[in-house]
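Chain by chain, the residues:
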Amino acid sequence: MNDRIRTDIAHNARVWNYWLGGKDNYPVDRAVGDQVTGFYPSIGEVARADRAFLGRVVTHLAAEADLRQFLDIGTGLPTADNTHEVAQRVAPDARIVYVDNDPIVLTHARALLTSAPEGVTEYVDADAHDPERIVAASLGTLDLSRPVAVMMLGILNFVLDTDEAGSIVRTLMAAVPSGSHLVLTHPTLEPELGGEGNKAAMDFWNENATPPITARTREEFTSFFDGLDLLEPGIVSCSRWRSEEGPVVAQFGAVGRKP
Ligand SMILES: C[S@@+](CC[C@H](N)C(=O)[O-])C[C@H]1O[C@@H](n2cnc3c(N)ncnc32)[C@H](O)[C@@H]1O
């Protein structure tokens, strides 16, 4: 086993996998996952809504916006409909770079690296706090003179300082040209999305699991899109981004285009 993999403390990638019905998790992940569900029963719906959002957005970007390059930071463990599968269903020549810093995602990276023969997938073991390294590592696979979809779904919430999170987004978006898109999802405590119940769950998470997490307000989430043109319908629950299906969840989702 990879000696970075700790089985004595719950890891986000593995608990997320548990909530999505996956098998790549340990007893400690299932125990914490169940306790978080006790505090915040809709967390499983949040995870499923987030993945469904990913599917709709990547399909839209490949089919309607003609994007052929995807930088998916905070990939998570392989599940149904990973970014390359969704993108290459529309455009077999799509090129995808996956980035995560969890050692268990690294051990499963081979499953993420199956690509349509016309396209490419690559996996980079890197930390979101180091966007310059992510940009440099992407250069072998992505042509940064052509538009890129920069995806950070459920990961900026692990960058605890909002100024730093904003700076990471700006560094990444500065490295890609006009026509590139930023795709974000992020948990919130905003009552408009029923997020109040998330507070006790996040406090419990921060005492019992890793990495520590934070929620953000609508205003903070909106600030990550400064300088970009928001696609319709703007900033909504990720379950309501071009969908009326399923419950409203306390996870913002939005897509912005670099002018
Ligand atoms: C909530 S999961 C989301 C997975 C996937 N993006 C999705 O939306 O289904 C967050 C992922 O971000 C990864 N992650 C957390 N902090 C990170 C960091 N500082 N750098 C890179 N990846 C990180 C975790 O390992 C986990 O796989």
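Residues numbered from 1 in each chain as written. Predicted model: local features only at pLDDT ≥ 70, side-chain atom pairs only at ≥ 80, totals over all residues. Heavy atoms only, no water.

Peer 1: Even after reading the chapter, I still don't get the overall build of the protein, so can you show me in this structure?
Peer 2: Helix and strand counts for the protein stand at 10 helices and 10 strands. Taken against the 2.2 N^0.38 rule, which gives 18 Å for 259 residues, the C-alpha radius of gyration of the protein at 17 Å falls within 12% of a compact globule. Projecting the C-alpha coordinates of the protein onto the three principal axes gives extents of approximately 45 × 45 × 35 Å. Looking at the protein as a whole, 53% of its 259 residues are labelled buried. For the protein, the proportion of contacts with a sequence separation of at least 24, taken over those separated by at least 6, is 72%. In the form shown here, the protein has an accessible surface area of approximately 10800 Å², with 51% of it arising from carbon and sulfur atoms. Across the protein, the 22 positively charged side chains and the 37 negatively charged ones have centroids separated by 4 Å. (Helix = DSSP H or I, 4+ residues; strand = E, 2+ residues; numbered from the N terminus. Rg over C-alpha atoms; globule rule 2.2 N^0.38 Å. Buried < 20%, exposed > 50% of the residue type's maximum accessible area, 1.4 Å probe, protein only. Contact = heavy atoms within 4.5 Å. Areas by Shrake-Rupley, 256 points an atom, 1.4 Å probe, with all protein chains shown as cover. Lys, Arg positive; Asp, Glu negative; His and termini not counted. Charge placed at Lys NZ, Arg CZ, Asp CG, Glu CD.)

Peer 1: So what exactly am I meant to see when it comes to the site of the ligand here?
Peer 2: If you check the shell around the ligand, you find 19 residues, and the closest are W16, D50, R51, G74 and D100. Within the side chain of R51, an N or O atom sits 2.8 Å from an oxygen atom of the ligand. Note that an oxygen atom of the ligand is positioned 2.7 Å from one of the side-chain N or O atoms of D100. Considering the ligand on its own, with 600 Å² of exposed area, one finds that the protein chains cover 97% of that surface. (Near = heavy atom within 4 Å. Polar contact = N/O pair within 3.5 Å; in protein donor to acceptor, adjacent residues only side chain to side chain.)

Peer 1: Is there a simple way to explain the packing of aromatic side chains in this structure?
Peer 2: For any pair of aromatic rings, the description rests on two quantities: the centre-to-centre distance and the angle between the ring planes. Taken as a whole and judged by the stated rule, the model has 5 aromatic pairs. Look at W16 and W19: their rings are 6.4 Å apart centre to centre, the planes differ by 75°, and that puts the pair in the edge-to-face class. Of this pair, W16 and W19 are both found in helix α1 (residues 12-19), 3 residues apart, which corresponds to roughly one turn of the helix. Here the two residues W16 and W19 agree in accessibility, since each one is buried. Cluster of aromatic residues (ring-pair linked, three or more members): F221, F225 and F252. (Phe/Tyr/Trp six-rings, centres within 6.5 Å; stacked < 30°, edge-to-face > 60°.)

Peer 1: Would you mind showing me how to read the nonpolar core here?
Peer 2: If you look at soluble globular proteins, the nonpolar side chains tend to sit buried side by side. Grouped together as the largest cluster of nonpolar side chains are 84 residues, with contacts concentrated most on F70, I73, M152 and F225. Ranked by residue count, the leading element in this core is helix α3 (residues 43-63), at 10 residues. Excluding residues within four positions of it along the chain, M152 makes contact with I73, A128, I168, L172, V183, L184 and T185. (Core = buried A, V, L, I, M, F, W, Y, C linked by side-chain atoms within 4.5 Å.)

Peer 1: What am I meant to see in the environment of L189 here?
Peer 2: Among the secondary structure elements, L189 is positioned in the loop between β6 (181-187) and α9 (198-208). Separated by 11 residues in the primary sequence, L189 and S178 place their C-alpha atoms 33 Å from one another. With residues near it in sequence (within four places) discarded, L189 still touches G195, E196, N198, K199, A215 and R216.

Peer 1: Help me understand the side chain of D29, please; the structure alone is not making it clear to me.
Peer 2: Following the sequence through the fold, D29 ends up in helix α2 (residues 27-39). Here Y26 takes part through its backbone nitrogen, which lies 2.8 Å from a polar atom of the side chain of D29. Excluding anything up to four places from it in sequence, D29 contacts I9, A10, H11, R14, V15 and Y18.

Peer 1: Help me out: how do you make sense of the packing of α1 against α2 in this one?
Peer 2: Helix-helix packing: each pair is described by the crossing angle between the helix axes and the interaxial distance. At a minimum axis separation of 9 Å, α1 and α2 run at an interaxial angle of 65°. Accordingly, the angle class assigned to the pair α1 and α2 is roughly perpendicular. Between α1 and α2 lies a crossing of right-handed hand. Contacts between α1 and α2 involve R14, V15, Y18 and W19 on the former and, on the latter, V28, D29, R30, G33, D34, V36 and T37. When the residues that make up the contact of α1 with α2 are grouped by side-chain class, the tally is 5 nonpolar, 2 polar and 4 charged. (Axes fitted to C-alpha atoms, helices over the stretch in contact; angles between N-to-C directions. Parallel < 35°, antiparallel > 145°, perpendicular 65-115°, else oblique. Left-handed = near helix turned anticlockwise from the far one by under 90°. Nonpolar A, V, L, I, M, F, W, Y, C, P; charged D, E, K, R; others polar.)

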